[in-house]
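Coordinates in review
Chain residues, written in single-letter form:
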Amino acid sequence: MITYQHLIDSFNKAPFIIQFAFIAVIIMVIAIVSLIISLKVIRSFLKIKDKEILKYKNEYEPLLIEYLYSGNENEELTETQQSIIAKIKEGIKGASRRKSVITILTNLMNEVSGEMSDSIRTLYHETGLIDYAIIRLKSKRWHITSKAIVELRRFKIQETHDLVSEFINHSKVEVRKETQIYLVHLFKFEGLSFLDDLKTPLSEWHQLLLLESLLNLENQQIGNIKPWLNSSNTSVVLFALKLTKIYNQFEMKHELIELRMHPDKEVRRSAIHVLNQLFGYEFEETPKPKNRQLKSEGQIVIV
Amino acid sequence: MQRHKIVLAEDNSTLSLLLKYRLEKEGFELLIAADGKEAVELVEHHDPDLVLTDIMMPFYSGLEVISHIRNKLKKETPVIIFSSAGQEEMVLKAFSLGASDFMTKPFSPNELVIRVKRLFS
């Protein structure tokens, strides 16, 4: 007690700077100890979660594989399959188990094709995982919505078209991106119809992602891109110009010539570039005095 | 009758299990490796009749597995590699190292069985 009193007296008598430094050191020590303890707690929690997911994975993996191999040539589900579906349906009421099942199914969807991938999709429907994804679509947290869209795309769920389409003009760019990829991935060129209603800008990166999805399609028959060349959204016009060039849309000649008068400089430049590529028109650097708008970009002459 | 021994090197445990069931049903004996290192050990210790390997794996890649079989062990064991879209250059490298066949993911397990059977016929 005497020692403590001595310390308190020393602290009271010490100059202000010493008192301040002492308090600061005490606060820092408390902060460091609390951080170490919280990190330990988080790490143990994550370890427990990982163990739990691994346990569920080991539990469900053989069950899912048994489901995949117990089908017959008819499209109807066999008794074994029905009993496995019932078992999974009951189990996935818990979030961790559901996460494990989705992880296993997603891993398989990326690796197998044909009848087996159709069978996985049936399982996704029958176990009600699709309903959980729809609930997550309606979440107020954007990252949950975004993940739900990715999941629906991976399992090729077309029934949710209308629900997903509502996010075309979502305030978060990540949700918009996933919506656009979902539509193109599942509905091919028809999926591009979202461009009709797109009010937000389509970034260069998103345009490339969409083009990549389109170029991977087996059927390269493109629809009518004329409305997008006349869109009020400049990024849509730029994307349509890319489509015009890649898919050799010679019939868009009139629209391309019109686009030389577009108020946006980038659009005018791209239109001239596409005209050059498709029709061999040459870009002339000499500005045309009659047209002030095109002064800096020059004009086109037919070679 | 002796069953053909196959080493399957694949880091996706679900796919490994799926292919194991399918190929065992067809009468093959399957040895599973979760990465390239395990695959090399299995090949060294069990002298399989066929190796099925993914290209991208932890520790040793599929290319290193083929190189080990051909250059270090000096074996002519057939090797089928699993590649993904965009790994065309890796597939070419695998063929130059001595791969026998390849399959691009996603693939049909039934097609794999046909290719494996063809190799043993």
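Conventions and cut-offs
- Residues numbered from 1 in each chain as written.
- Chains lettered and ligands numbered in written order.
- Predicted model: local features only at pLDDT ≥ 70, side-chain atom pairs only at ≥ 80, totals over all residues.
- Helix = DSSP H or I, 4+ residues; strand = E, 2+ residues; numbered from the N terminus.
- Rg over C-alpha atoms; globule rule 2.2 N^0.38 Å.
- Buried ≥ 20, exposed ≤ 12 C-beta atoms within 10 Å, placed from the backbone.
- Contact = placed C-beta atoms within 7 Å.
- UniProt positions renumbered as here; feature names shortened; annotations may be inferred.
- Pairing = 2+ DSSP bridges.
- Right-handed = clockwise from strand over helix to strand, strands pointing away.
- Nonpolar A, V, L, I, M, F, W, Y, C, P; charged D, E, K, R; others polar.
- Expected span 1.5 Å × (residues − 1).
- Axes fitted to C-alpha atoms, helices over the stretch in contact; angles between N-to-C directions.
- Parallel < 35°, antiparallel > 145°, perpendicular 65-115°, else oblique.
- Core = buried A, V, L, I, M, F, W, Y, C linked by C-beta atoms within 7 Å.

Overview of the overall build of chain A
- Scanning chain A from N- to C-terminus turns up 14 helices and two strands.
- What you see for chain A is a C-alpha radius of gyration of 30 Å, clearly larger than the 19 Å of a compact globule of 303 residues, by over 25%.
- Expressed as a percentage of its 303 residues, the buried residues of chain A come to 26%.
- Taking contacts inside chain A between residues at least 6 apart in sequence as the whole, the part at least 24 apart equals 57%.

A short note on the environment of B:Gln2
- On the secondary structure map, B:Gln2 appears in the segment before β1 (5-9).
- Between the alpha carbons of B:Gln2 and B:His68 there is a distance of 26 Å; along the sequence they are 66 residues apart.

Comments concerning the UniProt feature "modified residue: 4-aspartylphosphate" (unreviewed entry) in chain B
Residue and element names in this part refer to chain B.
- Mapped onto the present numbering, the UniProt feature "modified residue: 4-aspartylphosphate" (unreviewed entry) falls at Asp 54.
- Assignment of secondary structure puts Asp 54 in strand β3 (residues 50-54).
- Excluding its chain neighbours within four sequence positions, the residues that come into contact with Asp 54 are Ala 9, Glu 10, Asp 11, Gly 62 and Phe 82.

Quick notes on the pairing of β3(B)
Residue and element names in this part refer to chain B.
- Of all five residues in β3, five are buried; the element is thus mostly enclosed.
- The two faces of β3 match: Leu 50, Leu 52 and Asp 54 on one face and Val 51 and Thr 53 on the other face are all buried.
- Alignment of β1 against β3, held across four bridges, turns out to be parallel. When the sheet's bridge partners are listed, Val 7 is paired in β3 with Val 51.
- Here β3 runs beside strand β4 (residues 79-83); their pairing, made up of four bridges, is parallel. Its bridge partner being in β4, Leu 52 is matched across the sheet by Ile 80.
- The handedness of the β3 to β4 crossover, carried by helix α3 (residues 62-72), is right-handed.

Quick word on the interface of chain A and chain B
- The partner chain B presents 13 residues to the 15 residues of chain A that form the contact.
- Elements that contribute at least two residues to the side of chain A that touches chain B include exactly α2 (16-69), α4 (95-111) and α5 (115-126) of chain A.
- Residues of the side of chain A that touches chain B, tallied by class, amount to eight nonpolar, five polar and two charged.

Quick look at helix α7 (residues 142-154) of chain A
All names here are of chain A.
- Taking 1.5 Å of rise per residue, the 13 residues of α7 would be expected to cover 18 Å, and the 19 Å separating its terminal C-alpha atoms lies within 8% of that figure.
- Taken together, the buried positions of α7 are Thr 145, Ser 146, Ala 148, Ile 149, Glu 151, Leu 152 and Arg 153.
- The inward-facing, buried residues of α7 contact α4, α6 (129-137), α8 (161-165) and α9 (173-187).
- The positive-phi residue at the C-terminal boundary of α7 is Lys 156, with phi of around 55 degrees.

Here's the deal with the environment of A:Ser235
All names here are of chain A.
- Following the sequence through the fold, Ser 235 ends up in helix α12 (residues 234-246).
- For the pair Ser 235 and Pro 201, spaced 34 residues apart in sequence, the C-alpha separation works out to 5.6 Å.
- With near-sequence residues (within four places) excluded, Ser 235 lies in contact with Pro 201 and Leu 202.

Side note on helix α14 (residues 265-279) of chain A
- In this model α14(A) runs 21 Å from its N-terminal to its C-terminal C-alpha over 15 residues, within 8% of the 21 Å that 1.5 Å per residue would give.
- Listing the buried residues of α14(A) in full gives A:Val267, A:Ser270, A:Ala271, A:Ile272, A:Val274 and A:Leu275.

Regarding the UniProt feature "transmembrane region" (unreviewed entry) in chain A
- Within the UniProt annotation, "transmembrane region" (unreviewed entry) is assigned to residues 16-39 of chain A.
- Each end of residues 16-39 of chain A is marked by a C-alpha atom, and these two atoms are 34 Å apart; helix forms 100% of the span and strand 0%.

What about the packing of α12(A) against α14(A)?
Residues and elements named next belong to chain A.
- Across the interface, α12 lies against α14 with an axial gap of 10 Å and an inter-helix angle of 10 degrees. Relative to α14, the element α12 is oriented roughly parallel. Counting all contacts with α12, which are made through Thr 234, Val 237, Leu 238, Leu 241, Thr 244 and Lys 245, the residues of α14 involved are Glu 266, Val 267, Ser 270, Ala 271, Val 274, Gln 277 and Leu 278.
- Partitioning the contact of α12 with α14 into residue classes produces seven nonpolar, four polar and two charged.

Some words on the nonpolar core
- Core analysis: the largest hydrophobic core is formed by 92 residues, its most contacted members being A:Ala240, B:Val7 and B:Ile81.
- The dominant element in this core, judged by the number of residues it contributes, is α12(A), at seven residues.
- Setting aside residues no more than four positions away along its own chain, A:Ala240 makes contact with A:Ile225, A:Trp228 and A:Leu229.

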